[in-house]
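Tertiary structure, described
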Amino acid sequence: NEDTLANSLLTDNQKKAFWINIYNAHIQIILSKNPELFKNRNAFFGAKRIVIANKELSFDDIEHGIIRSSKFKLALGLIKNPFAGKFEKKFRIKETDGRIHFALNCGAKSCPLVAIYDSSNFDDRIDEVAKSFLKSVCSYNAENEEVLITSLFSWFRGDFGGTSGSIRLLKKYDIIPADSNPTISYLSYDWTLSLGNYYEAI
């Protein structure tokens, strides 16, 4: 039940690991059974089709309400929803963590790979997966001092602490040199349905 689950998810890392795993697993299961659902993505992500602790949740509820700590879906991560319900408030992550966008896989070709997360080594694991994802999609041009990055940075800029936060993260993961200050451009997102893309540590 709700209280039992809440008592097992006391830290932000426990919550992140649990809800990211729930989100990614249900995307794979539901879309494998019925890929047609992905044609109307707004309806797919907004429908309450996942039951956790007797509560019906949508993918949007899990991503934007719980994992992103009650952020409005289309507000660039800049506006918090003041009308969050009791369940959301009980389970949501306290501090928004931009790295979760490199862990959530919504079924599209441009999404990060699916990995399994555990609270005991969450930070190391998500850093490893995030760095691998960003290395595979981002490209830095030293001559023109430009970097081409995933549009996730643009859509959720508030979660990353704005452009300066994005630059810090790109430096942390060695996508750009520590002394650079490049112009940023964003890649277009490929929404083609693509399932079964799992991260395997080398």
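Everything discussed here concerns the structure shown above.
Residues numbered from 1 in each chain as written. Predicted model: local features only at pLDDT ≥ 70, side-chain atom pairs only at ≥ 80, totals over all residues. Heavy atoms only, no water.

Under the definition given, this model contains 14 salt bridges. Measuring nitrogen to oxygen at the nearest pair gives 3.1 Å for the salt bridge that ties Lys39 to Glu36. Taking relative accessible area as the criterion, Lys39 reaches 67% and is therefore assigned exposed. For Glu36, a relative accessible area of 49% puts it in the partly exposed group. Among the ionic pairs, Glu128 bridges to Arg125, the shortest N-O distance being 3.4 Å. (Salt bridge = Lys/Arg side-chain N within 4 Å of Asp/Glu carboxyl O. Buried < 20%, exposed > 50% of the residue type's maximum accessible area, 1.4 Å probe, protein only.)

Relative to the helices and strands, Glu88 resides in helix H5 (residues 86–91). It turns out Glu88 is buried and unbridged, and the closest side chain with the opposite charge, Arg92, is 4.8 Å from it. For Glu88, the contacting residues outside a window of four places in its chain are Gly65, Ile66 and Ser70. (Helix = DSSP H or I, 4+ residues; strand = E, 2+ residues; numbered from the N terminus. Lys, Arg positive; Asp, Glu negative; His and termini not counted. Contact = heavy atoms within 4.5 Å.)

With that settled, consider a nonpolar patch on the surface. A cluster of nonpolar side chains, namely Phe72, Leu76, Leu78 and Ile79, defines an oily patch on the protein surface of about 350 Å² accessible area. Among the secondary structure elements, Phe72 is positioned in the loop between helix H4 (59–67) and H5. Looking at Phe72, the relative accessible area reads 36%, which means it is partly exposed. (Patch = residues over 30% accessible without salt bridge, like charges linked within 9 Å, V, L, I, M, F, W, Y side chains within 5 Å. Areas by Shrake-Rupley, 256 points an atom, 1.4 Å probe, with all protein chains shown as cover.)

Ranked by internal contacts, the top residues of the largest apolar core, which has 55 residues, are Trp19, Phe102 and Tyr117. With 8 residues, helix H2 (residues 12–33) is the single largest residue contributor to this core. Each residue touching Tyr117, except ones within four places of it in the same chain, is listed here: Ala17, Ile20, Asn21, Phe102, Ala103, Phe122, Arg125, Ile126 and Val129. (Core = buried A, V, L, I, M, F, W, Y, C linked by side-chain atoms within 4.5 Å.)

Turning next to the pairing of strand E4 (residues 146–149). Across the two faces of E4 the burial differs, with Val147 and Ile149 buried and Glu146 and Leu148 not buried at all. Relative to E4, strand E3 (residues 139–141) runs antiparallel, the two sharing 3 bridges. Each bridged residue has a counterpart across the sheet, and for Tyr140 the counterpart in E4 is Val147. With antiparallel pairing between neighbouring strands as the criterion, E3 and E4 make up a hairpin whose turn holds 4 residues, including Glu145 at a positive phi of roughly 50°. Taken together, the 4 bridges between E4 and strand E5 (residues 183–186) define a ladder with parallel strand orientation. Across the sheet, residue Val147 finds its bridge partner in E5, namely Ile184. (Pairing = 2+ DSSP bridges.)

Across the sheet, 3 strands lie side by side as E3-E4-E5; this open sheet has mixed pairing. With one partner strand each, in any of the chains shown, E3 and E5 form the two edges of the open sheet. Taken pair by pair, the neighbouring strands of this sheet meet at an average axis angle of 20°, ignoring direction. (Axes fitted to C-alpha atoms, helices over the stretch in contact; angles between N-to-C directions.)

Turning our eyes to something else, we now look at H4. In terms of burial, H4 is largely enclosed, as 9 of its 9 residues are buried. The complete set of buried residues in H4 reads Phe59, Asp60, Asp61, Ile62, Glu63, His64, Gly65, Ile66 and Ile67. On its buried face, H4 is in contact with H2, helix H3 (41–46), strand E1 (50–52), strand E2 (55–57) and H5. Looking one or two residues past H4, Ser69 carries a phi angle of roughly 60°, positive in sign.

Turning our eyes to something else, we now look at the packing of H2 against H4. Two elements in contact, H2 and H4, have axes whose closest approach is 10 Å; the angle formed by their N-to-C orientations is 165°. One way to sum up the angle between H2 and H4 is to call them roughly antiparallel. Read as a crossing pair, H2 and H4 show a hand that is left-handed. In contact with Trp19, Ile20, Ile22, Tyr23, His26, Ile27 and Ile30 of H2, H4 contributes Phe59, Ile62, Glu63, Ile66 and Ile67. (Parallel < 35°, antiparallel > 145°, perpendicular 65-115°, else oblique. Left-handed = near helix turned anticlockwise from the far one by under 90°.)

The next subject is unusual backbone geometry. A positive phi angle is found at Ala53, which is not glycine, with a value near 55°. Within the element layout of this structure, Ala53 appears in the loop between E1 and E2. Judged by its relative accessible area of 21%, Ala53 falls in the partly exposed class.

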